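Coordinate inspection notes
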Amino acid sequence: MPQNVYTIPKNTIEEMRRFYANTLQSTPQGAVFRAKTSNAVITAYKSGKVMFQGNAPAVEAEKWTDKAKESAKAAPKTNKTTVFSPPDTLFTSNHIGSDEAGTGDYFGPITVAAVFVKKEQIELLRELGVKDSKNLTDSTIRKISKDIMNLDLPYSLLILHNEKYNKLQKQGWTQGKMKAMLHHHAINNLLNKIDSNSADGILIDQFCEPAVYKKHIATEKQKLADNTYFMTKAESYSIAVAAGSIIARTSFLSEMDKLSAKTGIALPKGASKKVDQTIARVMKSKGEKALNSYAKTHFANTKKAKNYL
Ligand code: MG
């Protein structure tokens, strides 16, 4: 099982503990915390060593390691991160929210949706049941997504299909960079659709440190739009991010349906043992190379599936 170990400053470890609050597991001896996500088990030790172990440990580690490197340079402490924290007024203003789906799933694409919500639409969206898609069933998500479409809200949806994902990954793109570029393009597409002065701000559901996000898009000569903010669990605060999460999730579900129809095999979500067994079935019926069109092949699941051949 792939694993990465880094030394991370104590204050960042505290931040990580808060970030992973919903996924904490029982703390092993000598550890500060242990958390489990679909990508990795993250164990932070009192020594400052943090171990990322699992299907895609780099996906979790890259949220923190750049920051770790920066802190190691003993940069003077500034409250840089607060520059990216949204003002409370943003949630009740005209604003853009963006969120993604599919990043921890072995099969299927990554989808990102950015949505523009006007303040007078917030109440209606709330009545439609728009909220954090993680707390909704797939069928409810699809239904609410239809209701959102009926409102004709301006939005931009991007799908990074598996062939392209795997190509970028082989070219050295991290998943973090792919996500940053998808959010960036979705937001820019949307800004081109609306009068750009009509949005008071843009809120991105935070998946990495804002400085890392900026660095990713800078490698493609891109810059953050004005008034861009980042926040973890933003979908719980912003109806625009919640709407984005529902649109992205619905798109991910329908892409998974299409891929399942193509393979003739019901492709499961996530990256579990059931996924490994299904990969083996796909390998047997279509050949290993076919996975390039259906899956994020660099996940450790590709190797693990061979135990079921
Ligand atoms: Mg998100």
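Please read all numbers here as calculations on a predicted model, not as lab measurements. Along each chain, the written sequence defines residue order, and numbers are assigned to residues from 1. Local features in this predicted model are restricted to residues whose pLDDT is 70 or higher, and side-chain atom pairs enter the listing and the counts only when it is 80 or higher, whereas totals over whole chains, interfaces and linings include all residues. Side-chain figures throughout are based on the complete set of non-hydrogen atoms in the structure, without hydrogens or water.

Helix and strand assignments come from DSSP, with helices taken as H or I runs of at least 4 residues and strands as E runs of at least 2, each series counted from the N terminus. When its secondary structure is counted, the protein shows eleven helices and ten strands. Throughout, radius of gyration means the C-alpha value; the globule benchmark is 2.2 Å times the number of residues raised to the power 0.38. Rg of the C-alpha trace for the protein: 20 Å, near the compact-globule value of 19 Å for 309 residues, within the 12% margin. If one aligns the C-alpha atoms of the protein with their principal axes, the spans along those axes are about 55 × 50 × 40 Å. Accessibility here uses a 1.4 Å probe with only protein chains present; expressed as a share of the type maximum, an area under 20% marks a residue as buried, one over 50% as exposed, and anything in between as partly exposed. Within the protein, the fraction of its 309 residues that count as buried is 52%. Once local pairs closer than 6 in sequence are excluded, the contacts in the protein between residues at least 24 apart make up 71%. Computed with a 1.4 Å probe, the accessible areas rest on the Shrake-Rupley method; for each residue, only the protein chains presented here act as cover. Within the structure as shown, the protein displays about 14,800 Å² of accessible surface, and the carbon and sulfur contribution to it stands at 50%. Neither His nor the chain ends is counted toward charge; the positive residues are Lys and Arg and the negative residues Asp and Glu. To locate a charge, take NZ of a lysine, CZ of an arginine, CG of an aspartate or CD of a glutamate. Treating the 46 positive side-chain charges of the protein as one cloud and the 29 negative ones as another, the clouds have centres 9 Å apart. Two residues form a contact once any of their heavy atoms are found within 4.5 Å.

Domain start and end points were adopted from an automatic or database domain assignment. When its domains are assigned, the protein resolves into domain 1 (3-61), domain 2 (88-257) and domain 3 (264-308). Throughout, buried area stands for the accessible area (probe radius 1.4 Å) lost by two parts on being put together, summed over both. Counting the surface lost from both domain 2 and domain 3, the interface buries some 1,600 Å², and carbon and sulfur atoms represent 54% of this. It is Tyr106, Phe107 and Asn166 that lose the most area in domain 2 upon contact with domain 3, and together they represent 48% of the buried surface on that side. N or O atoms within 3.5 Å of each other form a polar contact, as long as, within protein, one can give a hydrogen and the other can take it, and as long as residues adjacent in sequence are counted only when both atoms are side-chain atoms. Applying the counting criterion to the domain 2 and domain 3 interface returns 16 residue pairs in polar contact (both at pLDDT 80 or more).

Moving on, we come to the sheet that holds strand β7 (residues 110-117). We treat two strands as partners when DSSP finds at least two bridges between them. Taking strand neighbours across the sheet as the criterion, the five strands line up as β8-β7-β6-β9-β10 in an open arrangement whose pairing is mixed. Two strands in the sheet have a free side with no partner beyond their single neighbour: β8 (155-160) and β10 (228-231). The sheet shows a mean angle of 15° between the axes of neighbouring strands, taken without regard to direction. With seven bridges joining them, strand β6 (residues 95-101) and β7 adopt antiparallel strand pairing. Looking across to β7, one finds that Asp99 is bridged to Ala113. All axes here are fitted lines through C-alpha atoms, helices being fitted over the stretch that makes contact, and every angle between N-to-C directions spans 0 to 180 degrees. Where helix α9 (residues 239-263) meets the sheet, it contacts β6, β7, β8 and β9 (201-205), and its direction lies at approximately 145° from that of β7.

This part covers the nonpolar core. In these notes, a set of buried Ala, Val, Leu, Ile, Met, Phe, Trp, Tyr and Cys residues joined through side-chain atoms within 4.5 Å is what counts as a nonpolar core. Ranked by size, the top nonpolar core spans 66 residues in total, and within it Ile96, Phe107, Val130 and Ile148 carry the most contacts. With ten residues, α9 is the largest single contributor of residues to this core. The two domains that each donate at least three residues to this core are domain 2 (88-257) and domain 3 (264-308). When neighbours within four sequence positions are excluded, Phe107 is seen to be in contact with Phe252, Met256, Leu267, Pro268, Val275, Thr278, Ile279, Val282, Leu291, Tyr294, Ala295 and Lys296. Judged by nonpolar contacts, the second largest core, of 13 residues, contains Met16, Ala35, Ala44 and Phe52.

Once that is clear, we can look at the pairing of β10. Across a regular strand the side chains alternate sides, sitting on one face of the sheet and then on the other. Both faces of β10 are covered, namely the face carrying Thr228 and Phe230 and the face carrying Tyr229 and Met231. With helix α8 (residues 210-218) bridging β9 and the parallel β10, this β-α-β connection has right-handed handedness. Note on handedness: a crossover is taken as right-handed if, strands pointing away from the viewer, the path from the first strand over the helix to the second is clockwise.

Attention now moves to the packing of helix α5 (residues 138-150) against α9. Orientation of α5 relative to α9, taken along the N-to-C sense of each, is 115°, at an axis distance of 9 Å. Where α5 crosses over α9, the two elements pack in a sense that is left-handed. Contacts from Asp138, Ile141, Arg142, Ile144, Ser145, Ile148 and Met149 of α5 reach α9 at Ala243, Ile246, Ile247, Arg249, Thr250, Leu253, Ser254 and Asp257. In the scheme used here, Gly and all other residues not listed as nonpolar or charged are polar, with Ala, Val, Leu, Ile, Met, Phe, Trp, Tyr, Cys and Pro taken as nonpolar and Asp, Glu, Lys and Arg as charged. Taken together, the residues of the contact of α5 with α9 break down into eight nonpolar, three polar and four charged. Note: crossing handedness is left-handed where the near helix turns anticlockwise from the far helix by less than a right angle, and right-handed where it turns clockwise.

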